[in-house]
Amino acid sequence: MSNGTVKFFNETKGFGFIKVNGSNQEVFVHVSELKDQIRQDDEVTFDIQEGKRGLNAVNVKLA
């Protein structure tokens, strides 16, 4: 389980990015992987999975 901060999330389009704490890495997040509703600057916990275009955040929950 990783921790991070929501850098950007577009509710209309259903996707965004999470900055992983302790690194410069950012991972893609899709609305289908949310367990809680998220907004920009929210602290979240998540798992990371390899997706078609790179790393994706899955099982995303508010911290």
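- Under the annotation held in an unreviewed UniProt entry, the protein chain carries the name Cold-shock protein and is attributed to Emticicia aquatilis.
- Turning to the protein chain, the UniProt record has this under Subcellular location (unreviewed entry): "Cytoplasm".

## Quick look at unusual backbone geometry
Then, number 1: Its identity as a non-glycine residue notwithstanding, Asp41 has a phi of 75°, on the positive side.
Then, number 2: Mapped onto the elements, Asp41 comes out in the loop between β3 (26-30) and β4 (43-51).
Then, number 3: Unlike most non-glycine residues, Asn59 shows phi in positive territory, near 55°.
Then, number 4: Within the secondary structure layout, Asn59 lies in strand β5 (residues 54-62).
Then, number 5: Here Asn59 falls in the partly exposed class, since its relative accessible area comes to 27%.

Thresholds, definitions, all that
- Residues numbered from 1 in each chain as written.
- Predicted model: local features only at pLDDT ≥ 70, side-chain atom pairs only at ≥ 80, totals over all residues.
- Heavy atoms only, no water.
- UniProt positions renumbered as here; feature names shortened; annotations may be inferred.
- Helix = DSSP H or I, 4+ residues; strand = E, 2+ residues; numbered from the N terminus.
- Buried < 20%, exposed > 50% of the residue type's maximum accessible area, 1.4 Å probe, protein only.

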